[in-house]
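Commentary on secondary and tertiary structure
Residue-level listing of the chains:
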Amino acid sequence: MSLSPLAAAIEFIGVEKRFAARGRSAEVLAARDIHFSIAAGEVVSIIGPSGCGKSTLLNMGAGLARPSAGQVRVGGQAVTGPNKHVAFMLQKDLLMPWRTIAQNVEFGLELRAVPAAQRHAVSQRLLQQCHLQGFERHYPNQLSGGMRQRAAMARTLAVDPLVLLMDEPFSALDAQTKMILQQDLAKTVASAGKTVVFITHDLSEAVALSDRILVMSERPGTIVEEIRVELPDRPNPMQRRKLPRLSQLVSELMTLLKLDAQSEVH
Ligand SMILES: Nc1ncnc2c1ncn2[C@@H]1O[C@H](COP(=O)(O)OP(=O)(O)O)[C@@H](O)[C@H]1O
Ligand SMILES: [Mg+2]
């Protein structure tokens, strides 16, 4: 798959996803009429009610699921399966417990037969950037949850993907650890010029990290609104959190999601 430098980093063109009926359950229309385009270097969050199809969109972006209609393109090329231009990070760190942190970070490079010295150089640099220097030879179970998510971030960046797809990567962390990891992510992504599609339930997180936010409706999910964040200092989400405009944007998002005192959990 060769990429066009002029194309959007990732685009969804008329994408729909249906899951086949199984046993007594009827067919599920998980997402419909999805159109959006993300330019290289943009950070875009997707928010929406639980079950509206957010993870389904990312799975299609990663080539782990095929659209029932429409097309996903990365760097101008149709995504037909998992490919090296896209890396995925989830709430679960998915580190391999039998490999050290450095070996986990280098795993994707090993699969690509990158020579050991080069792999080592990449993992050293990223572990330092992700504040894990000194933990290269530790095993995942020797690290805290926040450190493991940092290691997962380093592993995701190691393969130098064009697009990072992140599905609620920090949602299992405590509030302060989460802010520190957001800061690391924002800085790293800005300095490497990476494109990110970020799913979150945390509206302040979406505003603090993103250039744009796409708001989805309830299932069958479609994008009902696009918010341009237009706050300064994207590489510094902690600073952004101090701006009064951030709470104003959060309140606009709550209105769009129809979140109020009467809201119920479905
Ligand atoms: N592999 C699957 N098979 C059948 N239904 C699925 C599958 N994956 C997701 N779904 C359904 O699609 C809908 C959207 O799911 P998902 O994308 O996980 O939502 P979200 O991430 O927004 O919470 C849900 O109703 C879910 O049950
Ligand atoms: Mg999900």
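All of the points below concern the structure found in this document. (Residues numbered from 1 in each chain as written. Chains lettered and ligands numbered in written order. Predicted model: local features only at pLDDT ≥ 70, side-chain atom pairs only at ≥ 80, totals over all residues.)

From N to C terminus, the chain includes eight helices and 10 strands. Expected size for 266 residues packed as a compact globule is a radius of gyration near 18 Å; at 19 Å, the chain falls within 12% of this value. By principal-axis analysis of the C-alpha atoms, the chain measures approximately 50 × 45 × 45 Å. Put simply, the chain has 266 residues, and 38% of those count as buried. Across the chain, every contact between residues at least 6 apart in sequence was considered, and the portion connecting residues at least 24 apart equals 70%. (Helix = DSSP H or I, 4+ residues; strand = E, 2+ residues; numbered from the N terminus. Rg over C-alpha atoms; globule rule 2.2 N^0.38 Å. Buried ≥ 20, exposed ≤ 12 C-beta atoms within 10 Å, placed from the backbone. Contact = placed C-beta atoms within 7 Å.)

The subject of this paragraph is the nonpolar core. Judged by nonpolar contacts, the single largest core of 67 residues is most densely connected at Ala 154, Leu 165 and Val 197. With seven residues, the top contributor of residues to this core is helix α4 (residues 145–158). Setting aside chain neighbours within four positions, we find Ala 154 in contact with Val 105, Leu 126, Leu 127, Cys 130 and Leu 132. (Core = buried A, V, L, I, M, F, W, Y, C linked by C-beta atoms within 7 Å.)

Close to ligand 1 lie Phe 19, Val 28, Ala 30, Gly 48, Ser 50, Gly 51, Cys 52, Gly 53, Lys 54, Ser 55, Thr 56 and Arg 219. Mapped onto the shell around ligand 1, the elements with two or more residues apiece are β2 (28–38) and α1 (54–61). Take the shell around ligand 1: its biggest share by element is three residues, from α1. When its residues are assigned to classes, the shell around ligand 1 shows four nonpolar, six polar and two charged. (Near = placed C-beta within 6 Å. Nonpolar A, V, L, I, M, F, W, Y, C, P; charged D, E, K, R; others polar.)

For the rest of this paragraph, the subject is the environment of Gly 193. With respect to the element layout, Gly 193 can be found in the loop between α5 (175–192) and β8 (195–199). Sequence separation of Gly 193 and Gly 41 is 152 residues, and the distance between their C-alpha atoms is 4.9 Å.

Turning our eyes to something else, we now look at the environment of Arg 112. Within the secondary structure, Arg 112 is located in the loop between α2 (101–111) and α3 (116–129). Taking the C-beta count within 10 Å as the criterion, Arg 112 has 9 such neighbours and is therefore assigned exposed. Expressed as a C-alpha distance, the spacing of Arg 112 and Arg 32, which sit 80 residues apart in the sequence, is 35 Å.

What the six strands build is an open sheet, ordered β6-β7-β8-β3-β9-β10; its pairing is mixed. Of all the strands in the sheet, the pair left with one neighbour each is β6 (86–90) and β10 (223–228). Strand-to-strand twist of the sheet, defined as the mean angle between neighbouring strand axes without regard to direction, takes the value 20°. Relative to strand β9 (residues 212–216), strand β3 (residues 43–47) is paired through four bridges, and the arrangement is parallel. Each bridged residue has a counterpart across the sheet, and for Val 44 the counterpart in β9 is Arg 212. Taken strand by strand, α1 contacts β3, β6, β7 (163–167), β8 and β9, and its axis lies near 150° from that of β8. Across the sheet, helix α8 (residues 244–256) is in contact with β3, β9 and β10; its angle to β10 comes to roughly 175°. (Pairing = 2+ DSSP bridges. Axes fitted to C-alpha atoms, helices over the stretch in contact; angles between N-to-C directions.)

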